Amino acid sequence: MEAAIRVKNLKKHFGATKAVDGISFEVQKGEIFGFLGPNGAGKTTTIRAMMDFIRPTTGEIEILGKDSQEESVYLKEKIGFLANNAKFYDYWTVRKHLDYQQGFRGKSKILGDLLKRFGLNPRIKFKNLSSGNRQKLSIILALMNEPELLILDEPTVALDPLLQNSFHQYIKDFAKAGGTVFMSSHNLSEVERVCDRVGIIRDGKMVAIERISEMKLMKMYDIHLHTAGEIEISTLEAEGAEVISHTDGSYTLKVKKDINPILKKLATLEVKDLEITHVSLEDIFMEFYQK
Amino acid sequence: MIKVFYTTIRDRYGAVLIYCAAVVGIIFMYVGLYPALQSQSQQYAEIFKSFPESFLKAFGFESAQAFFLSLESFMSAEQYSLTWPILGVILSMSFAANNIVHEIEKGTIEFILSLPLSRLKFYFGRYFAGLFLLAIFTALSVLPVIPIAKLYDVSCVWENYFKLSLGAFLFIGAIYSITTFFSAITNEKSKTYAFSAGIVITMYVLNILSSLKENLENLQYFSFFHYFSASKLLVDGEIDIHLVWVFSLTIVIFTVLGAIAYSRRDIATS
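Here is what the cut-offs are and how they apply
- Residues numbered from 1 in each chain as written.
- Chains lettered and ligands numbered in written order.
- Predicted model: local features only at pLDDT ≥ 70, side-chain atom pairs only at ≥ 80, totals over all residues.
- Heavy atoms only, no water.
- Contact = heavy atoms within 4.5 Å.
- Buried area = accessible area lost by both parts, 1.4 Å probe.
- Salt bridge = Lys/Arg side-chain N within 4 Å of Asp/Glu carboxyl O.
- Polar contact = N/O pair within 3.5 Å; in protein donor to acceptor, adjacent residues only side chain to side chain.
- Core = buried A, V, L, I, M, F, W, Y, C linked by side-chain atoms within 4.5 Å.
- Buried < 20%, exposed > 50% of the residue type's maximum accessible area, 1.4 Å probe, protein only.
- Domains from an automatic or database assignment.
- Helix = DSSP H or I, 4+ residues; strand = E, 2+ residues; numbered from the N terminus.
- pLDDT = per-residue confidence, 0-100.

**Q** Hey, could you run me through the interface of chain B and chain A in this one?
**A** Where the parts come together, the accessible area they lose is often given as the size of the interface. At the interface, 27 residues of chain B touch 27 residues of chain A. Here chain B meets chain A over a buried area of about 2,400 Å², counting both sides, of which 58% is carbon and sulfur. The salt bridge involving arginine 48 of chain A is made with glutamate 110 of chain B; its shortest N-O contact spans 3.0 Å. At the boundary of chain B with chain A, the tally comes to 13 residue pairs in polar contact (both at pLDDT 80 or more).

Take a look at the structure:
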């Protein structure tokens, strides 16, 4: 499979601040890649470096087989970009923004369909648009020239659930047709529903790159335990198990990977009630966030 | 680049027309008043005698008697030595700040940078659009004196207004280029204005200081206000070669420096 995005040892330092500190990853053509991380982790900095808004301190970024800095103008013809909280010209109408972009990227064949699909009136000035409609304009600008690659920084912020679904379906169809999507998001259920793989960045470093399907198989459990009386916390100490909270004989534990060591410990106790559940994918993401 | 140039002009020509309309209104007033004021020139000359010669010189009056000698000397003193430069400086700084730093501050630069358009083409598209509008502003705020003078039946040396247009355009073009440079290297409009307005005010003060004390005379060479003399251009019809060189070099140097800085810098909006 051919890589649509190849980032190698990317570092971006602002003085002493290491916004991005040596991350590497690849996104294959036709893939939807989710880029996750807490605020300030380096997601937007990475995206800006990929778009050549900022220049890496060191490292290489290759997009569609070209150097992102040297071939910036060529690549921008192939990339549909959506900025986080995108800003446009207050006194321009939606139509003027669309026409301006078409002046550089050629006439869009799907603009009418997109305007209809997202329900955006092109005659309204940007300053009079609601936050949801502003986001729709950003999305339409990213999609209208049928790019090969979509780079989206939190694309569904401010969209209502119906439009979010419509947008998710659109990018799934886009990827099925051979397009590649690189999207950052804080909406973990969105990532779970849409993405094929995720990369998780924290403190400027990539802490995990996993397939969503494999992440779902990661064994993590929540255990809710009620005992006949108070017990020593140390009684619950076992490999991979962690007591999250406890009150009056009621204990909540998180168990990673193998559940058997803690089960052996529990077998020695007088248990009144016990509930063992698989944690959600969101909890697994949170594990990576907090590691 | 043509698209950027054209769109910029479409977005900004309104401001230029408003400025020009205001200046033409002022020109109508001055030219209309000139015959009546000229008839009372003797009385005004007496009043002017009470001012120190250097003070008059600092504000563009070579001498009290010269003030009403011709429409050119009157217009030079009343309009083109102080009021017009202030308007020109404000307009040129505002255009220059809007070229780059305004886009960064507002966050609209990300929309521009996501287009298949090189940074240099955007920079020069914006730069030349602003320069073109400043040329229009200069022409429409200087040359209307000729037909208005005809309207009031006042004689004027028409070719000197063309010379003033050239000198004035180079003057505000130089300030525009300096401000564009700061617009290309800063992230906030207030910083762009602070740096460029600081330079202009410093140059104005240097020019005044140089005319007040003989031992400070050489300071005048560091001031644009020394090279741009409306009275020399309009009254004497003289285009000083130093004016052309200093302003042209300033325009070229700061424009190129701004282009290099803008094409190399990181652009991150908040």
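Having seen it, we continue.
**Q** I would appreciate a short explanation of the nonpolar core in the present structure.
**A** What tends to happen in soluble globular proteins is that the nonpolar side chains get buried as a cluster. Ranked by internal contacts, the top residues of the largest apolar core, which has 96 residues, are Phe25, Ile151, Phe182 and Phe285 of chain A. The two domains that each donate at least three residues to this core are domain 1 (3-87 + 140-216) and domain 2 (220-290) of chain A. Setting aside anything within four residues of it in sequence, one finds phenylalanine 285 of chain A in contact with Leu36, Leu188, Val191, Val198, Ile200, Ile212 and Met215 of chain A. One finds Phe74, Phe137, Phe171 and Ile175 of chain B within the second-largest nonpolar core, a separate group that totals 57 residues.

**Q** Help me understand helix 4 (residues 71-80) of chain B, please; the structure alone is not making it clear to me.
**A** In an α-helix there are 3.6 residues to a turn, and that puts residues three or four apart on one side. Burial within helix 4 of chain B is extensive, with nine of its ten residues counted as buried. Among the residues making up helix 4 of chain B, those that are buried are Leu71, Glu72, Ser73, Phe74, Met75, Ser76, Ala77, Gln79 and Tyr80 of chain B.

**Q** Quick question: what am I supposed to make of the domain arrangement of chain A here?
**A** Residues and elements named next belong to chain A. Looking at the assigned domains, one finds that chain A contains domain 1 (3-87 + 140-216) and domain 2 (220-290). For domain 1 versus domain 2, the separation of C-alpha centres amounts to 36 Å. Each partner contributes residues to the interface: domain 1 has 17 residues there, and domain 2 has eight residues. Of the roughly 1,100 Å² buried where domain 1 meets domain 2, counting both sides, 76% is carbon and sulfur surface.

**Q** Can you help me understand the confidence of the model for chain B in this one?
**A** Close inspection of predicted coordinates is inappropriate for parts of the model with low pLDDT. The predicted model of chain B has a mean per-residue pLDDT of 88, with 94% of residues at 70 or higher. The complex prediction reports pTM at 0.84, with the ipTM value standing at 0.81.

**Q** Could you clarify how one ought to interpret the side chain of arginine 12 of chain B in this entry?
**A** With respect to the helices and strands, the residue arginine 12 of chain B is situated in helix 1 (residues 2-39). Contacts of arginine 12 of chain B, omitting those with residues within four sequence positions, involve Phe95, Asn98, Asn99, Arg126, Gly130 and Leu133 of chain B.

**Q** Looking at this structure, how should I read unusual backbone geometry?
**A** Glycine aside, a negative phi is what most residues show, and trans is what most peptide bonds show. Residue and element names in this part refer to chain A. If you check the backbone angles, asparagine 85 has positive phi at about 55 degrees while not being a glycine. For asparagine 85, a relative accessible area of 53% translates into the label exposed. Located in the positive-phi region is glutamate 146, a residue other than glycine, with phi close to 45 degrees. Examined against the element boundaries, glutamate 146 turns out to sit in the loop between helix 5 (131-143) and strand 7 (149-153). Judged by relative accessible area, glutamate 146 falls into the partly exposed class, the value being 45%.

**Q** Got a minute to help me understand the pattern of salt bridges in this structure?
**A** Oppositely charged side chains are able to pair whenever their charged atoms sit close together. Applying the stated criterion across every chain yields a total of 13 salt bridges over all chains. Two residues, glutamate 31 of chain A and arginine 197 of chain A, come together in a salt bridge whose shortest N-O distance is 2.4 Å. Here glutamate 31 of chain A, found in the loop between strand 2 (17-28) and strand 3 (32-36), pairs with arginine 197 of chain A, found in strand 9 (residues 197-202); they are 166 residues apart in sequence, far enough to count as distant. Note on accessibility: glutamate 31 of chain A and arginine 197 of chain A belong to one class, buried. Close ionic contact of aspartate 11 of chain B with lysine 96 of chain A constitutes a salt bridge, the shortest N to O distance being 2.9 Å. Taken together, the residues span two chains, with aspartate 11 of chain B in helix 1 and lysine 96 of chain A in helix 3 (residues 94-105). For lysine 96 of chain A, a relative accessible area of 22% gives the class partly exposed. Here the residues in one salt-bridge network are Arg6, Glu26 and Glu62 of chain A, joined through shared partners.

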